[in-house]
Protein chains: 2
Amino acid sequence: MELSSTPRTTLHRHKERGQADPGELRAVLDSGMICHLGFTTARGPVVLPTAYGRDGDTLYLHGSSANGAFKTANGQQVCVTVTHTDGLVCARAVFSHSVNYRSAVIFGAAAVVSDDDERLHGLEVITDHLVPGRWAAARKPTKKEMAATSVLSLPLDEASVKIRAGGPADDEADLALDVWAGVLPVTVTFGEPEPDSGSAGKPVPAHILQRTENRPAAVR
Amino acid sequence: MELSSTPRTTLHRHKERGQADPGELRAVLDSGMICHLGFTTARGPVVLPTAYGRDGDTLYLHGSSANGAFKTANGQQVCVTVTHTDGLVCARAVFSHSVNYRSAVIFGAAAVVSDDDERLHGLEVITDHLVPGRWAAARKPTKKEMAATSVLSLPLDEASVKIRAGGPADDEADLALDVWAGVLPVTVTFGEPEPDSGSAGKPVPAHILQRTENRPAAVR
């Protein structure tokens, strides 16, 4: 199945960067950490960084019950974007400069998850998206904590994925210029886990080591 | 001068993370690489990753003249968000998990820059934001290239900055739990510059070395 082409997901610029394979969408989402949630208010659009996770074709976003954003977004059209910056592309001409990136832009109607079981499941998906295995290791939420937690769900059926990779694409006429051209690769890495005072000296659990030994945003 | 508090920038959640110092806003913007531009269309909100640069109290965003996004955003209220993810905060309780981050959320009326000199200046600001010194090194845009380039400007006078740093904040009662807690630090780094085929063997210029030897998103 290819990603649907709708008026919102049809690319107008750099169509060659478009990816119709839903596996690419999943790859971009699964290797990210936070998304940017866009929603519309009476005062204009708002874009907020938000933790998320993916379960099959559903995206779950994490918020607080006191979060006005989710109340506003509930039942409304939203746009959720996940972007990886992979490199700065320096060409010989200013005009030909670019950025290597992978981005997913998802459109749809957001819904605050009202079912208790699904909200708990969504929270597990988000927690294990950020640190796989963390849900099993940590104390589970109480009823009071769940009441203070809000989860927003969004279907993944209307999305576009764009990927730019590789070196600069200078015009033929510029290749003779005496200007260094190439890519400055950008990577996201984890540092050594930093235990809090109560965990100092304790062995770092396997799920933490596994997370920090892998790059969160694996370059394809 | 403190950052203004307007209905859009007044924080409702985790007010202690708010920063009223405009220097913090500049620091978050200047250490980022791309922003997320949110604007409203007849079909709902759209959030797109976009290259940007800052000159004083003006933000410039880079696009193509063929870019429908800038045409739609021109004269309209937009929201531009820049986010750094600095760490994943693992607490003993799922509920107390968090993310260390620095974010700037800017609201205002966007304007496509119509003046040729300002558009050229905006492009210089954006180019040197991504790779300082690059503008001087590369071939400047022709008139034809400038006609194909669009720059969106946005004032920085309505913005909010939030920063979360430090370790987990478990409830007192959870501190006795036998769960490792701490922070997984996240950093953004540059790899070795990768020259294209025409630049292989050429010395890497100082401005490129300087960029890649520094972390793009310096943690405070």
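Here the structure is a predicted model, which means the values were calculated and not measured.

Enquirer: If you had to explain the interface of chain B and chain A to someone new, which residues and values would you point to?
Expert: Across the boundary between the two partners, chain B contributes 81 residues, which contact 81 residues of chain A. At the boundary of chain B with chain A, total buried surface from both sides reaches about 6600 Å², with 65% on carbon and sulfur atoms. Where chain B packs against chain A, one counts six salt bridges. Here D174(B) and R139(A) are joined by a salt bridge, their closest N and O atoms 2.7 Å apart. Among the elements that line the side of chain B that touches chain A, the one with the most residues is strand β10 (residues 182–190) of chain B, at nine residues. Tallied by class, the residues present in the side of chain B that touches chain A amount to 46 nonpolar, 21 polar and 14 charged. Here strand β11 (residues 194–195) of chain A pairs with β10(B) via two bridges, running antiparallel.

Enquirer: Outline the relation of the copies chain B and chain A, listing residues and values.
Expert: Aligned on chain A, chain B shows an RMSD of 0.0 Å; the corresponding rotation is 180 degrees and the shift along the axis is 0.0 Å. Look at the turn and shift together and you get a two-fold axis relating the two. Considering only C-alpha atoms, the residue of chain B closest to the rotation axis is V188(B), which sits at 2.3 Å. Interface overlap between copies: 100% of the residues of chain B at the interface are likewise at the interface in chain A, consistent with a symmetric, same-surface contact.

Enquirer: So, the side chain of S64(A): which residues are in play, and what are the values?
Expert: Position of S64(A) among the secondary structure elements: in strand β4 (residues 58–64). Of the residues examined, S64(A) reaches a relative accessible area of 12% and is grouped as buried. A distance of 2.9 Å separates the side chain of S64(A) from the backbone nitrogen of A66(A), its partner in a polar contact. Filtering out sequence-adjacent residues up to four positions away, S64(A) remains in contact with A148(A), S150(A) and R13(B).

Enquirer: I'd like a description of the environment of L154(A), backed by residues and values.
Expert: Residue and element names in this part refer to chain A. Within the secondary structure layout, L154 lies in strand β8 (residues 149–155). Note: C-alpha distance between L154 and I106 (48 residues apart in sequence) is 8.6 Å. For L154, the residues in contact, after removing those within four places along its chain, are D57, T58, L59, V78, V80, I106, G108, A109 and A110.

About the criteria used
Residues numbered from 1 in each chain as written. Chains lettered and ligands numbered in written order. Predicted model: local features only at pLDDT ≥ 70, side-chain atom pairs only at ≥ 80, totals over all residues. Heavy atoms only, no water. Contact = heavy atoms within 4.5 Å. Buried area = accessible area lost by both parts, 1.4 Å probe. Salt bridge = Lys/Arg side-chain N within 4 Å of Asp/Glu carboxyl O. Helix = DSSP H or I, 4+ residues; strand = E, 2+ residues; numbered from the N terminus. Nonpolar A, V, L, I, M, F, W, Y, C, P; charged D, E, K, R; others polar. Pairing = 2+ DSSP bridges. Least-squares fit on C-alpha atoms with pLDDT ≥ 70 in both. Buried < 20%, exposed > 50% of the residue type's maximum accessible area, 1.4 Å probe, protein only. Polar contact = N/O pair within 3.5 Å; in protein donor to acceptor, adjacent residues only side chain to side chain.

Purely geometric stuff here, so don't read any function into it on its own.
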